[in-house]
Amino acid sequence: MNAPLHAGAALRIALTGAWRKHPPGPIQEAMLPAMPLLLSSGAHGLAWRRIPRRCQSEFAPLRDAYRQSAVAQLEYEDRLRRVVDALHRGGIDALLLKGWSVARLYPEIGLRPCGDIDIAVPPEQFEQAGRILQDHPDAAEVDLHAGVADLDDRTWDDVFQRRRVVRLGDMEIPILGAEDQLRHLCLHLMRHGAFRPLWLCDIAVAAESRPADFDWDYCLHGERRLTEWTLCALALAGKLLDARIDEPRAQFTAPDWIIHSVLRDWSDGASGDSHMRDPVPLVRHWRHPGRLLGALRARWPNAIEAAFKVGASPRTPWPVLFHQLRYAARRAVRLPAKVRRASAPALPFQVHESESAVTPACSR
Amino acid sequence: MYKPLARSEKLTVRQLPDETLVYDHQTNKGHCLNATAALVWKHCDGMATVAELARRIGQPAAVVELALEQLSRRGLLAKPAPALAGPARLARRNVLKKLAFAAALPLVLTITSRAAAQIGESGGICACTCFYDSDGNFSPPISYGFCKRGTCSCKACPATGPKDGNTVLPGHCPGAGER
C-alpha cells in the first residue's frame, strides 16, 4: 500500500480527468484518508468512478453519497422544470446559471451535485419574477439574480441574445451561451477564492466540451482585468486537473501564489467564502476577547478572493498580503456598525440552540 | 397466473455505471437496482409468468421471485406480486442460500431523496426578499432570498443582516423564532 497522501494533493489526483467519459486509471487505497474531504467537497461521484473494484468496499461511503447525488439530481430536475415553467408562463426571460446547466455536461447523472437553482432574470423583471416565485412550492430552492453578476462587463441583452436552449425532458431550459458560461464559471470561481474543487472541474468540463464554433475572442472580450482572471482560472484547471484547453489565445500561467492558495484551501476543506467560514457573527465574539483572535483568524481573507474583490489583477505586482490587508480593512470599517447593532436589545438574527448556525431574521 | 408488469408511469430511469436508478416521482424516492433486479424488472412486460420470466433471463425462479418481491414492495410493479406462503417462502430461502455463491442475487436499494425527507419536517416554506449585497449594503436589486423552514437561505446577505438594519421588502418566515 502506498503512503497516505496529503489531503489537497489527494483531492487533486482523484479529480484529474475524472469528468471525462473515460477517466484516467483507478486511484489507489492511499486515497482513503482523503475520503472525508472527497465527501465534503461534493467530489464523491467523480472519485467513485476511479475506485478500483478490489477496494470498493473500503470506499463504500463514496458510492452511497454518489447514489444520493444521482437521486437528488433527478429531484432537482423536477424542481427546475417547475420553476422555469412558472417563470416562462409569467413572461420572464430567465436564464439558468451553473447547477444543472453544467451538471448536464458530465458523462453521468449525479457526478456534479446541484444545489440551489440559480436563475438570472433581466433587472427590470426582477421584482415580477420574485412575485411569481414567492408563492411557488419550489421557492426555497431558488436563488434569483438580477442580471448576471459575474458578467458585469456585458449587457443583459448581449448575454440573453447569445443564450442556448437545452432540453430537459419535455421542457426547454435557457442557459448561458457557451462563451459566456465559460467566462462566468471562471469569474465565479475566482470571486469565491476557488475554494471548491468541483467548480474547477466545472471549468474543465465546460472547456473540454465547448462546441466547434466556440468563439474564444468573444469569451475573452471584456474588461481586461476580468479577462486575466478568466485566463487564470483556465490555467488553474489545466495545471491542477489536467484540463485540455488547446487554444493559443487561452494560454496563461497561473501565478504560484494562486496555486498555493487553492491547494491550501482544498486541504483545509474550506466550505465557504472567508468571511462566512465562522457561522457565529464576529460581534458575538466581541464580549469574549479570548475567542476573538480565533474568530479573526477564521475570517482572514482568502488571497484570491481578496485580490479579486479589491480590483487587483492575478498578475498584481503587489504582495498578496497587501490585498488581504486592504480587503480585511474594508470589512473592518463596517465592524462598528455591526457592534452597535449587536448591543441593541433586538438582534436582527437568530441563534440556534447549538450556536453553530446563525442566520439573519427573514423579515429584514 | 400472475404475470408481472413493470410500472412505467411517473418513473424516471437512468443508467448508473453498475446499476439502474429508478426515481419515483410519486414518492420522491430513488431505487437502485443491481444488474439482476434491473434485468428482471425490464422483462416484466405483463405477458410472461414467473417461470417464463426465469427461463427468458436465464435465472432460477427463486431469484426472479425474490426480485419481484423487492420490486413489488417498492411499488415498481403495476400490480403487486402475490406474497409467498410460509412453506414456499422457506423453500425459496433454501434455494437462494445455495445460489448465493453461484448467482448474483437481486438487490434493490431505496434512497430517500431530500424532498421526501423534508415532508416530515415541521415548518412551512415561505419567502423573503433581500436587496442587500454580501457586505450588507443596500444595493437593489442583487438577490432574492427565500426561507427554508424558518431559516433564511438568502446567501447574498451577510450573517449579521443588512448594514443599516432596515427592513427591506415585506418578507415573512413563519418558522423563524420557533426553532
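**Some remarks on helix α1 (residues 35-42) of chain B**
Move 1: Among all positions of α1(B), only B:Thr36, B:Ala37, B:Ala38, B:Val40 and B:Trp41 are buried.
Move 2: Buried-residue contacts for α1(B) involve β1 (11-15), β2 (20-24), β3 (29-33), α2 (50-57), α3 (61-73) and β4 (108-112) of chain B.

**Some thoughts on α3(B)**
Helical periodicity: at 3.6 residues per turn, an α-helix aligns residues three or four positions apart in one direction.
Move 1: With 13 residues, α3(B) ought to run about 18 Å at 1.5 Å a step, and its terminal C-alpha atoms sit 18 Å apart, in line with that.
Move 2: The buried fraction of α3(B) is high, at 10 of 13 residues.

**Side note on the confidence of the model for chain A**
Move 1: Across chain A, the average pLDDT comes to 84, with 87% of residues at 70 or higher.
Move 2: A low-confidence stretch, residues 345-364 of chain A stays under pLDDT 50, and its non-local contacts, those more than four residues away or across chains, total 62 contacts.

**A short note on unusual backbone geometry**
Across residues other than glycine, the phi torsion is negative in most instances, and most of the peptide bonds are trans.
Move 1: Positive phi, normally seen in glycine, also occurs at A:Ala194, with a value near 55 degrees.
Move 2: Summarising the element assignment, A:Ala194 is placed in the loop between α8 (178-191) and α9 (197-208).
Move 3: The phi dihedral of B:Lys10 falls on the positive side, at around 55 degrees, and the residue is not glycine.
Move 4: You can see B:Lys10 is positioned in the segment before β1.
Move 5: Assessed through its relative accessible area of 52%, B:Lys10 is described here as exposed.

**Describing the packing of aromatic side chains**
Residue and element names in this part refer to chain A.
Move 1: Considering all chains together, one arrives at 5 aromatic pairs over all chains under this definition.
Move 2: Look at Phe195 and Trp199: their rings are 5.2 Å apart centre to centre, the planes differ by 65 degrees, and that puts the pair in the edge-to-face class. Accessibility classification places Phe195 together with Trp199 in one group, the buried group.
Move 3: Ring centres of Phe214 and Trp216 lie 4.9 Å apart, and the angle between their planes is 70 degrees; this geometry places the pair in the edge-to-face category. Each member of the pair, Phe214 as well as Trp216, carries the same accessibility label: buried.
Move 4: Positioned above the aromatic ring of Phe308 is the side chain of Arg225, whose terminal nitrogen or guanidinium carbon lies 5.2 Å from the ring centre.

**Let's talk about a nonpolar patch on the surface**
Move 1: Side chains of A:Trp300, A:Leu321 and A:Leu325 sit close together on the surface and give an oily, nonpolar patch of about 290 Å² of accessible area.
Move 2: Tracing the sequence through the fold places A:Trp300 in the loop between α14 (289-298) and α15 (303-309).

**Observations concerning the packing of helix α1 (residues 7-15) of chain A against helix α12 (residues 256-268) of chain A**
All names here are of chain A.
Move 1: At a minimum axis distance of 7 Å, the contact between α1 and α12 shows a crossing angle of 100 degrees. The orientation of α1 with respect to α12, classified from their angle, is roughly perpendicular. Each of Ala7, Gly8, Leu11 and Arg12 in α1 lies in contact with α12, whose residues at this interface are Leu263, Trp266 and Ser267.
Move 2: Its residues assigned to classes, the contact of α1 with α12 comprises 4 nonpolar, 2 polar and 1 charged.

**A closer look at the side chain of B:Thr49**
Residue and element names in this part refer to chain B.
Move 1: Here Thr49 lies in the loop between α1 and α2.
Move 2: Residue Thr49 is classed as buried on the basis of its relative accessible area, which comes to 12%.
Move 3: Discounting chain neighbours no more than four positions away, the residues touching Thr49 are Met1, Tyr2 and Lys3.

**Looking at a negative patch on the surface**
All names here are of chain A.
Move 1: A surface patch of negative charge is lined by Asp93, Glu124, Asp157 and Asp158.
Move 2: Assignment of secondary structure puts Asp93 in the loop between α4 (60-89) and β1 (95-97).
Move 3: Residue classification places Asp93 among the partly exposed residues on the basis of a relative accessible area of 34%.

**What about the pairing of β3(B)?**
All names here are of chain B.
Move 1: The buried fraction of β3 is high, at 4 of 5 residues.
Move 2: Summarising the sheet, β2 and β3 pair through 5 bridges and their orientation is antiparallel. Looking across to β3, one finds that Asp24 is bridged to Lys29.
Move 3: In sequence, β2 turns back onto β3 through a hairpin of 4 residues, with Asn28 there showing a positive phi of about 55 degrees.
Move 4: In the sheet, β3 pairs with β4 via 5 bridges, with the strands oriented antiparallel. Residue pairing across strands places Gly30 opposite Ile111, the latter belonging to β4.

**Things to note about the sheet that holds β2(B)**
Strand pairs in the sheet, formed through backbone hydrogen bonds, run parallel or antiparallel to each other.
Residues and elements named next belong to chain B.
Move 1: Spatially, the 4 strands line up as an open sheet ordered β1-β2-β3-β4, and their pairing is antiparallel. Among the strands making up the open sheet, the edge pair consists of β1 and β4. The average undirected angle you get between the axes of adjacent strands in this sheet is 20 degrees.
Move 2: The strands touched by α1 are β1, β2, β3 and β4; relative to β3, the strand with the most contacts, the crossing angle is about 105 degrees.

**Describing the environment of B:Glu65**
Residues and elements named next belong to chain B.
Move 1: Along the chain, Glu65 turns up in helix α3.
Move 2: A relative accessible area of 26% places Glu65 in the partly exposed class.
Move 3: As for Glu65 and Val13, which are separated by 52 residues in sequence, their C-alpha atoms are 22 Å apart.
Move 4: If we skip the residues at most four places from it in the chain, Glu65 touches Val50, Leu84 and Arg92.

The rules behind each value
Residues numbered from 1 in each chain as written. Chains lettered and ligands numbered in written order. Predicted model: local features only at pLDDT ≥ 70, side-chain atom pairs only at ≥ 80, totals over all residues. Heavy atoms only, no water. Buried < 20%, exposed > 50% of the residue type's maximum accessible area, 1.4 Å probe, protein only. Helix = DSSP H or I, 4+ residues; strand = E, 2+ residues; numbered from the N terminus. Contact = heavy atoms within 4.5 Å. Expected span 1.5 Å × (residues − 1). pLDDT = per-residue confidence, 0-100. Phe/Tyr/Trp six-rings, centres within 6.5 Å; stacked < 30°, edge-to-face > 60°. Lys NZ or Arg CZ within 6 Å of the ring centre and 35° of its normal. Patch = residues over 30% accessible without salt bridge, like charges linked within 9 Å, V, L, I, M, F, W, Y side chains within 5 Å. Areas by Shrake-Rupley, 256 points an atom, 1.4 Å probe, with all protein chains shown as cover. Salt bridge = Lys/Arg side-chain N within 4 Å of Asp/Glu carboxyl O. Axes fitted to C-alpha atoms, helices over the stretch in contact; angles between N-to-C directions. Parallel < 35°, antiparallel > 145°, perpendicular 65-115°, else oblique. Nonpolar A, V, L, I, M, F, W, Y, C, P; charged D, E, K, R; others polar. Lys, Arg positive; Asp, Glu negative; His and termini not counted. Charge placed at Lys NZ, Arg CZ, Asp CG, Glu CD. Pairing = 2+ DSSP bridges.

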